[in-house]
Amino acid sequence: MVAPILIFAVGNASRGDDALAPLLLRQLQPDSLVQAELVEEYQLQVEHVTDLSGRSAVLFVDADVSCDAPFRFSEITALHDNSYTSHAMTPSALLYVYRQVYGVDAPDSFLLRIRGYDFELGEPLSLKATANLEVARKLVVGLCAAASPSVWREKLQANLIANN
Amino acid sequence: MTDTTNNMETAAHPENLRRVAIDPLSRVEGHGKVTLLMDENDRVHQVRLHIVEFRGFEKFIEGRPYWEAPVMVQRLCGICPVSHHLAASKAMDMIVGATLTATADKVRRLMHYGQILQSHALHFFHLCSPDLLFGFDSDMAKRNIVGVAAAYPEIARQGVLLRKFGQEVIRVTAGKRIHGTGSIPGGVNKNVSIEERDYLLKDIDQTVAWSRDAVAIARQLFEQNLDLYNSFAKFDSHTLSMVSKDGALDLYHGGLRARDRDGNTLFDHFDYSHYWDVILEEVKPWTYMKFPFLRSLGPEQGWYRVGPLSRVTQCDYIPTPLANQARMAFLAFNGGSAASATLGVHWARMIEMLHAAEQIQVLLHAPDLQGTDLVSTGERQERGVGVIEAPRGTLIHHYKVDEHDQIVRCNLIVSTTHNNQAMNEAIRSVARQFIDGRKLTEGLLNHIEVAIRAFDPCLSCATHALGKMPLEVELLDAEGGRADMLTRSSDGMFCSPC
């Protein structure tokens, strides 16, 4: 039985604030994960389309060096973007490949970008990133309680209003 | 032998050279930067591939207990963690004085061939096939994996599923998708159950068949572009790889073999636990990355190439039938031209992928996989060296451990470091062939990147936070002024302010 929610954390726990997403996953309590499967990877790659299949909703979590603190939560769609840089794909490009591989649209997907600052090897999470992580964790706990994209959109709207 | 190293490093009047910087490279792991130094006549005199790889990592691991190393070193890189996991484990086998049990040996080999399969599939189908299928000068918006998926959906689908299968082999043997703990000093911490074996067996025949098809695609691409493939980024070099006792291709264990550019053997079956007797490293002031060389030939003459091309051409045979058949065809093709061409590496890489698929097939039928004798120990040693043929080439891990079980010295020579000088040579070859005048073009940049990508370099950082991938190209004239500039933003859009 495939869990209806997939939470996909992207990052390297040994590189400073790149650990934001992996740490968020590790801080989630088992009782909040009844409907969710957690996957941690260094970076997104094409084979990850196989993880998306059969889900009600997918949440990608990654550190971000450009968004406003503490985080940016948004819904994403398949996009034929030009993210040909490096071995890492964008979440939207992954959704596009999903359509190419399976012939149908990927499940409803969302992206949580948590603001990070320092990414040096061997460095711990920065203090500012630690504060951002705590706020983001509360959001994800709320998302895990409802395996419904419509409920996630409501939270997205509420989050937008709160940020404005 | 022409002293190309010196030629590259010592222009008569470097103050009069123009500078072309490409920073960073696309579709190469991590961040790299290329500087082309040109004279007033627009000729390339110097090439420098700057890599920040592993800066500080050896210090990062010093002071840690030795049993942590096989897990910690996986944090080096997002694309070859299993290779580091196994190389460190082999070094720690020496530290604990272990001789591996049959089960441990086969589980590790299975893990390694899973890594080879998934890495080679990623490189060929997703990182290089956009260039190879669409052409080096084709529309950048199309020349990516998404473009491949649109134009060649079946090839893209096979690439996805080959890569996925290799990752599943790793998950089964290492216990987890990433940060696996399957390999430990002296052995492994789990075997492969009947259920896990059967889970992998159901897809292995298809995996072998698709890998065989991939070899045919690589050959077809070479045949269709024979003149370009024969000449692109061409240079001659010595070669280094590991072979088994009988000279067969063995990516997990063996002795070191080196040959000169004419195919003469420099050393053979050399015990890698004393690698420093045949390989030394030189430090240069403009890069963090070291330049290894064959000790007997010295730093200027002794640079060499590692990786699929070296391995497939150096071994006496491949011990699986389909891959060996493919190797023979590769060596015989067009009088041997593919075996000495930089772009021949893609064909060689697919032969290795086929070999990996065949090896997985053989290993999955081995009863030893279900054995329960997983770990062995012996007399404790203070020094350990582990060598493995990683997807990109020979990988050396060297540790010294004190009486408190702490790592007090660590030295890593990774495939990309072995290939450091060879990559510079390839870039210079391309730059001399394709740079025309003082104008930077997207096509020129991509030709340079195609040359670098042939080595599948791991420029390692595994830090891929969103929004961190700009590409900036700057051209400075002989007086230091900006003659041209080309910027590629993280969304792939080009902008030239000049």
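Everything numeric here is computed off the predicted structure, so don't read it as measured data.

With that settled, the discussion passes to the overall build of chain A. Tallying secondary structure elements over chain A gives five helices and five strands in all. What you see in chain A, going N to C, is helices and strands ordered as β-α-β-α-β-β-α-β-α-α. Projected onto its principal axes, the C-alpha positions of chain A cover 45 × 35 × 35 Å. For chain A, with 164 residues in total, the buried portion stands at 48%. Expressed as a percentage of contacts within chain A between residues at least 6 apart in sequence, the contacts between residues at least 24 apart total 75%.

Moving on: the overall build of chain B. Counting secondary structure elements, chain B contains 16 helices and 19 strands. Evaluated residue by residue, chain B yields a buried proportion of 55% over its 498 residues. Expressed as a percentage of contacts within chain B between residues at least 6 apart in sequence, the contacts between residues at least 24 apart total 69%.

All names here are of chain B. On the basis of which strands lie adjacent, the open sheet formed by three strands has the order β13-β14-β15 and antiparallel pairing. On the outer flanks of this sheet lie β13 (383-390) and β15 (407-413), each paired with one strand and no other. Strand-to-strand twist of the sheet, defined as the mean angle between neighbouring strand axes without regard to direction, takes the value 15 degrees. The pairing of β13 with strand β14 (residues 393-401) spans eight bridges and is classified as antiparallel. For arginine 383, the partnering residue across the bridge sits in β14 and is lysine 400. The sheet strands contacting helix α4 (residues 81-95) are β13 and β14, and the helix crosses β13 at an angle near 150 degrees.

Moving on, we come to the nonpolar core. Counting residues in hydrophobic clusters, the biggest one holds 167 residues, and the most contacted among them are Leu59(A), Val61(A), Leu112(A), Leu117(B), Ile351(B) and Ile427(B). Both domains that furnish three or more residues to this core are identified here as domain 1 (4-46 + 441-495) and domain 2 (57-418) of chain B. Residues in contact with Leu117(B), not counting those within four places in the same chain, are Leu162(B), Phe165(B), Gly166(B), Met353(B), Ala356(B), Ala357(B) and Ile360(B).

What follows covers helix α1 (residues 20-27) of chain A. Within the span of α1(A), buried status applies to Leu20(A), Ala21(A), Pro22(A), Leu23(A) and Leu24(A). Structurally, α1(A) contributes buried residues whose contacts are with β1 (5-10), β2 (36-41), β3 (57-64), β5 (108-115) and α4 (127-144) of chain A.

What follows covers the sheet that holds β2(A). Residue and element names in this part refer to chain A. Sheet architecture is open: five strands sit in the order β2-β1-β3-β5-β4, paired in mixed fashion. Single-partner strands in this sheet number two, and they are β2 and β4 (71-76). Within this sheet the neighbouring strands show an average axis-to-axis angle of 20 degrees, counted without direction. For β1 and β3, the ladder comprises six bridges, and the chain directions are parallel. Considered in β3, the bridge of phenylalanine 8 is made with phenylalanine 60. Sheet contacts for α4: β1, β2, β3, β4 and β5; angle to β5, the most-contacted strand, approximately 160 degrees.

Its place among the elements puts Leu395(B) in strand β14. Residues Leu395(B) and Val312(B), 83 residues apart in the sequence, show an inter-C-alpha distance of 17 Å.

Cut-offs applied
Position numbers for residues start from 1 in each chain and track the written sequence from start to end. Note on labels: chains are lettered from A, ligands numbered from 1, in written order. It should be noted that, the model being predicted, local features are given only for residues of pLDDT at least 70 and side-chain atom pairs only at 80 or more, the latter also being counted only at that level, while totals for whole chains, interfaces and linings use all residues. Helical segments are the DSSP runs of H or I of at least four residues, strand segments are the runs of E of at least two, and each set is numbered from the N terminus. Exposure classification rests on a simple neighbour count of other C-beta atoms within 10 Å of a residue's own: a residue reaching 20 or more is buried, one at 12 or fewer is exposed, and one in between is partly exposed. C-beta atoms are placed from the backbone. Here, residue contact means that the backbone-derived C-beta atoms of the two residues sit within 7 Å. By this definition, two strands are paired if DSSP reports at least two bridges between them. Axis lines are fitted through C-alpha atoms, for helices just across the contact stretch, and the angle between N-to-C directions can take any value from 0 to 180 degrees. Remark: nonpolar core denotes a set of buried Ala, Val, Leu, Ile, Met, Phe, Trp, Tyr and Cys residues whose joining runs through C-beta atoms within 7 Å. Domain extents, as shown, originate in an automatic or database domain assignment.

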